[in-house]
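Here is what each chain is made of, one letter per residue.
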Amino acid sequence: MTFRPSRSGIVRIWAGSLTAAVLRRPSAPGPRHSAGTRQVVLVLAVTEIVVAFLFSSVLPPAVRPLHAALELLLVLGGLGLVAALVRHPHEVGEEHVVLRTAFLGDLTLPRSAVRSTSPVIRTVPGRGPRPVPGEPAAVACSVESALNVALHLDPPVLLDLGPAGPVEAETVYVSVDSPPALAEALRRVGSPRERS
């Protein structure tokens with residue numbers, strides 16, 4: 001199953017994540033992802049704050065409020081993206097494995113179909129849930145094009161990728177900050193077949 005948020009859903013994810021981060025609410029447990037993207041966006045947001053003050057000092061006074069409002073939106077957008085990625089980790093439960101990308105959509109796999117994981121070094125163009133070129137039975141789900149874990153499915157799972165169409169997936173490539181943490185979460189929960 002694939003979930004893609006609407007525009008209003010994206011705004012809710014962004015605003016809710018930023019608000020929860022400011023209020024220091026605990027984030028959801030689960031294997032984190034997209035560390036590279038989080039670090040780059042955070043550095044850009046902090047740099048933008050410094051540049052905004054410097055640039056504002058050379059602007060005419062009448063333009064400064066508009067510039068400040070635009071800069072505030074830009075910085076909040078970056079911080080909201082970082083907060084959304086932190087607060088929406090992958091989820092490993094007894095019934096489902098949910099692979100999240102925050103704004104770009106999620107993939108939900110039956111836990112019983114996820115048989116194993118293996119480390120990979122792979123690049124798949126695009127963002128969010130998408131087919132893998134050259135591998136008709138594979139799907140990628142990530143914020144970045146770089147992927148580092150393959151989830152092997154047995155039996156294959158039919159995933160609806162929207163405009164890209166359905167894929168009978170045997171492998172799902174994902175990005176996680178710690179591949180051992182994902183493997184450990186899957187082992188800890190186990191599949192119904194393994195528990196019986």
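Residues numbered from 1 in each chain as written. Predicted model: local features only at pLDDT ≥ 70, side-chain atom pairs only at ≥ 80, totals over all residues. Heavy atoms only, no water.

### Here we look at the overall build of the chain
Item 1. When helices and strands are tallied, the chain shows five helices and nine strands.
Item 2. For the chain, the N- to C-terminal ordering of α and β elements is β-α-α-α-β-β-β-β-β-β-β-β-α-α.
Item 3. Scored against the burial criterion, the 196 residues of the chain give a buried share of 41%.
Item 4. Contacts in the chain between residues far apart in sequence, at least 24 positions, make up 65% of those at least 6 positions apart.
Item 5. Roughly 10,500 Å² of accessible area belongs to the chain as shown, and the carbon and sulfur atoms make up 66% of that amount. (Helix = DSSP H or I, 4+ residues; strand = E, 2+ residues; numbered from the N terminus. Buried < 20%, exposed > 50% of the residue type's maximum accessible area, 1.4 Å probe, protein only. Contact = heavy atoms within 4.5 Å. Areas by Shrake-Rupley, 256 points an atom, 1.4 Å probe, with all protein chains shown as cover.)

### Overview of the pairing of strand 7 (residues 135–142)
Regular strands have side chains that alternate between both faces of the sheet.
Item 1. With five bridges connecting them, strand 6 (residues 128–132) and strand 7 associate as antiparallel partners. Bridge pairing in strand 7 links Val-132 to Glu-135.
Item 2. Linking strand 6 back to strand 7 in an antiparallel pair, the connection comprises two residues, with Gly-134 at a positive phi of about 85°.
Item 3. As paired elements, strand 7 and strand 9 (residues 166–174) share four bridges and run parallel to each other. Across the sheet, Ala-140 pairs through a bridge with Tyr-173, a residue of strand 9. (Pairing = 2+ DSSP bridges.)

### Considerations on the sheet that holds strand 6
Item 1. Read from one edge of the open sheet, five strands run 5-8-9-7-6, paired in mixed fashion. A single partner strand is all that each edge strand has here, and the edge strands are strand 5 (114–123) and strand 6. Here the average twist between neighbouring strands, direction ignored, is 35°. (Axes fitted to C-alpha atoms, helices over the stretch in contact; angles between N-to-C directions.)

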